[in-house]
Each structure stands twice: as C-alpha cells, then as structure tokens.
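# Architecture and fold: a report
What follows is each chain in one-letter form.
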Amino acid sequence: MSNASPPTAQGPLKRVLVVVYTQTGQLSAIAHRLIEPLVDDADIAVHIENLRPEQAFPFPWPFFRFLDAFPESALMTPGHLAPLGVPAEAPFDLVILCYQVWFLAPSQPVTAFLQSDAGARLLGGRPVVTVVACRNMWLMAHRRLSALLAGVQARHLDNVVFTDRAPTFATLVTTPLWLLTGRRRVVPGLPPAGVADDDIRRSIRFGRALRDALRAGHERGDGPLLAGLGAACARPELLASEQAGTRSFRLWGRLLRRAGPPGAWQRVPLLGLYLVFLVAIIVTVIPVSLTLQAALRPVLRKRLAATKRAFEQPSGSGVERLAHYDF
Ligand SMILES: Cc1cc2nc3c(=O)[nH]c(=O)nc-3n(C[C@H](O)[C@H](O)[C@H](O)COP(=O)(O)O)c2cc1C
C-alpha cells in the first residue's frame, strides 16, 4: 500500500518503506499514527508492506496453538512469508521496521522477513528505524533484532519502544487473556491490555521528527534521528528474567522441535509440561529476581544504570526535543 499524495514534478524527494505485521491491529495503529507526517508530505513517498506468513497465525489464539508457537519463535526458525508487494531492489531512503515480541524474540513473521533474501536486499546498507510494541519484555528481542540487522549490514539508526504501562503482574494476566480471547478487558478491576491510546496518539512526534530529518538528509549520517523524544525507556531489572527465560526457551524449544513440526500431536504432552514449567518460572524467577535486585539496589545501581543506557541505544530516553515535536 502506498500514500496517495501526488509526487512533485521531479518525483518524491524521499522514499520510505514501512514494514508491519500485526494481529490485534495495535502495531499497525502505532505505525499509521507515527507515519502520518510522512504520508501527508508530498515530497515523501511511503510504501506500507504488510507481512503475510504463508501459514497464517490465528487470532485470537487457541490455547495450544499459542504455546506451540514458542519453539520456532524462541529458536528464530519461522516459516516462510508470502511474496512481498515490493520488489527487493526498490530504492528506499529509509526503512521503518515495526515488530512485536514473541517469546522474548522478534515475532516469527518479522524474523522471517529479516532472514529472507528479499528482506536482506531491502535492508542492506539502508538506514533503519525499528518500532517495537509489546507487553514489556523487549530487551532480548531488541538485542536479537539488532544482530539480525547487523547481519544484513543495515544501519540501525533508531529504536522506538511502546509497552503496556500496567504493572508487570497485571500484564502477565491481561496480555495472555487478550491474545486468547481477542478482548482487551476480560477481568474486571484489571487495566485493559496493550499500549495506552495516549501513547499511540503521541507516536506522531516521531513521524514529525523523521519528516524533518529526511528533508535535511540526516538519514545519510550515522547518528540517531529520534534522540530527545523519549523513544526508548528500558527497565534493566527485567533483563535477568529475560535472560533466564531465553535460556530455558531455547532448551525446551530444541526438545519440542525434536518431537515434531509445528502442529504435531506429539508436541502436546511436552507443551503441557512446558506450561507447568513456564508458570513456575513466572511465579518464582520474576518475583525473586525483582526482589533480590531491589534489595541489592545500592550495590547494583551503577550496573543497572549502564545496562539501561546500553539497551536504550541508539535513540535514548532523553526528552529534550519533546517541546518541539510533541504537541
Ligand atoms: C505468541 C506470542 C508471544 C508473545 N510473547 C511476548 C513476550 O515475550 N514479551 C512481550 O513483552 N510481549 C509478548 N507478546 C505480546 C506481543 O508482543 C504484542 O504486544 C501483542 O501480540 C499484540 O501485537 P500485535 O497485535 O501488533 O501483533 C506475545 C504475543 C504473542 C502472540
């Protein structure tokens, strides 16, 4: 899909590719709001590429189908995508790659895109802005996505993060219920699942800054285009849980892959066992790790601050340009 703005006599000044996959519509709502200023600019041509897995994922998810998605997500061995609507050699000045997190890794459709020949050619050598929207555990997925981008020689200029602002223990209930029922509010008294409407509305500030940066040709440089706009606020205290989760997902993932391909009945008993294990780590590892870190905060302060800074790169969590773009 491309914007309808008529190009100027000599054609658009800049071409932007927006790559999206979404199930609930949350990520496309963010992407569309964010790129409004680019779409409205007659000098910028925007192409939105909606990724389509050959084997579609269901939404809402049947319970075991949801669990069954974890080995291929965690091991980053997704199925193929249907052919893209854009030729791999199309010349884009900037790529905005939107993704969600599945089992602490970039979602399968996005991983498939990055691992595909067409994805590598579209991203290779190009400046890339990543936009992630998830529950709240995005650190390991960001690390893995950055590695995939480096693997295709993309220039990762910015990372913008949207998370559910409700407390972790509320989202551990509300997010799975949303994914399994399709409804954001299932349990009365708990906040609705997902990124807040106001955060989505305010995502337009990134598009305004990108429009100005493109007009000034800043995407050709190596610095971030979205610094000072509160793009990424990392919670380093979640890293230990994410690392433990990733290790166990890989181990269980290999076991499940040996039992059969996605959908095989032989996986079901193992998935049942895995579920017990998953609930056990959620109710033990996360609270124990958070409590330990809270108790050790004075000793860990410097380390947590360094981890926070590292994961907030390249855009950072500074807000010094908000007054100019967030209105
Ligand atoms: C299979 C699956 C696994 C998920 N795993 C995580 C996760 O590990 N961390 C997280 O923060 N969110 C996780 N989520 C939530 C998604 O990142 C995302 O917020 C939600 O699926 C809505 O995205 P969408 O409608 O744009 O596709 C998961 C969602 C699905 C469907």
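### Concerning the overall build of the protein chain
When helices and strands are tallied, the protein chain shows 13 helices and seven strands. What you see for the protein chain is a C-alpha radius of gyration of 20 Å, in line with the 20 Å of a compact globule of 327 residues. In terms of overall dimensions, the protein chain has a C-alpha envelope of 65 × 50 × 40 Å along the principal axes. Considering the protein chain as a whole, with its 327 residues, one finds that 39% of them fall into the buried category. Of all intrachain contacts in the protein chain linking residues separated by at least 6 positions in sequence, the fraction that spans at least 24 positions is 83%.

### Topic: the packing of helix H10 (residues 239-259) against helix H11 (residues 267-295)
Where H10 contacts H11, the two axes come as close as 11 Å, and the packing angle between them is 170 degrees. One way to sum up the angle between H10 and H11 is to call them roughly antiparallel. Between H10, through Ala240, Ser241, Ala244, Gly245, Ser248, Trp252, Leu255, Leu256 and Ala259, and H11, the contact on the second element is made entirely by Arg267, Leu270, Tyr274, Ile281, Val285, Ile286 and Ser289. Considering only residue class, the contact of H10 with H11 consists of 11 nonpolar, four polar and one charged.

### Some remarks on the sheet that holds strand E3 (residues 94-99)
Taken in spatial order, the five strands line up as E2-E1-E3-E6-E7 in an open sheet, and their pairing is parallel. Of all the strands in the sheet, the pair left with one neighbour each is strand E2 (44-50) and strand E7 (155-163). For this sheet, the mean angle separating the axes of adjacent strands, direction not counted, is 15 degrees. Across eight bridges, the pairing between strand E6 (residues 127-134) and E7 is parallel. Bridging across to E7, Pro127 finds its partner in Arg155. Contacts between helix H6 (residues 139-151) and the sheet are confined to E3, E6 and E7, with E6 contributing the most and set at about 155 degrees to the helix.

### A few points about the site of the ligand
The local shell around the ligand holds 20 residues, among which Thr24, Leu27, Gln100, Cys134 and Arg135 are the closest. Across the shell around the ligand, the residue classes break down as 12 nonpolar, seven polar and one charged.

Parameters and conventions
- Residues numbered from 1 in each chain as written.
- Predicted model: local features only at pLDDT ≥ 70, side-chain atom pairs only at ≥ 80, totals over all residues.
- Helix = DSSP H or I, 4+ residues; strand = E, 2+ residues; numbered from the N terminus.
- Rg over C-alpha atoms; globule rule 2.2 N^0.38 Å.
- Buried ≥ 20, exposed ≤ 12 C-beta atoms within 10 Å, placed from the backbone.
- Contact = placed C-beta atoms within 7 Å.
- Axes fitted to C-alpha atoms, helices over the stretch in contact; angles between N-to-C directions.
- Parallel < 35°, antiparallel > 145°, perpendicular 65-115°, else oblique.
- Nonpolar A, V, L, I, M, F, W, Y, C, P; charged D, E, K, R; others polar.
- Pairing = 2+ DSSP bridges.
- Near = placed C-beta within 6 Å.

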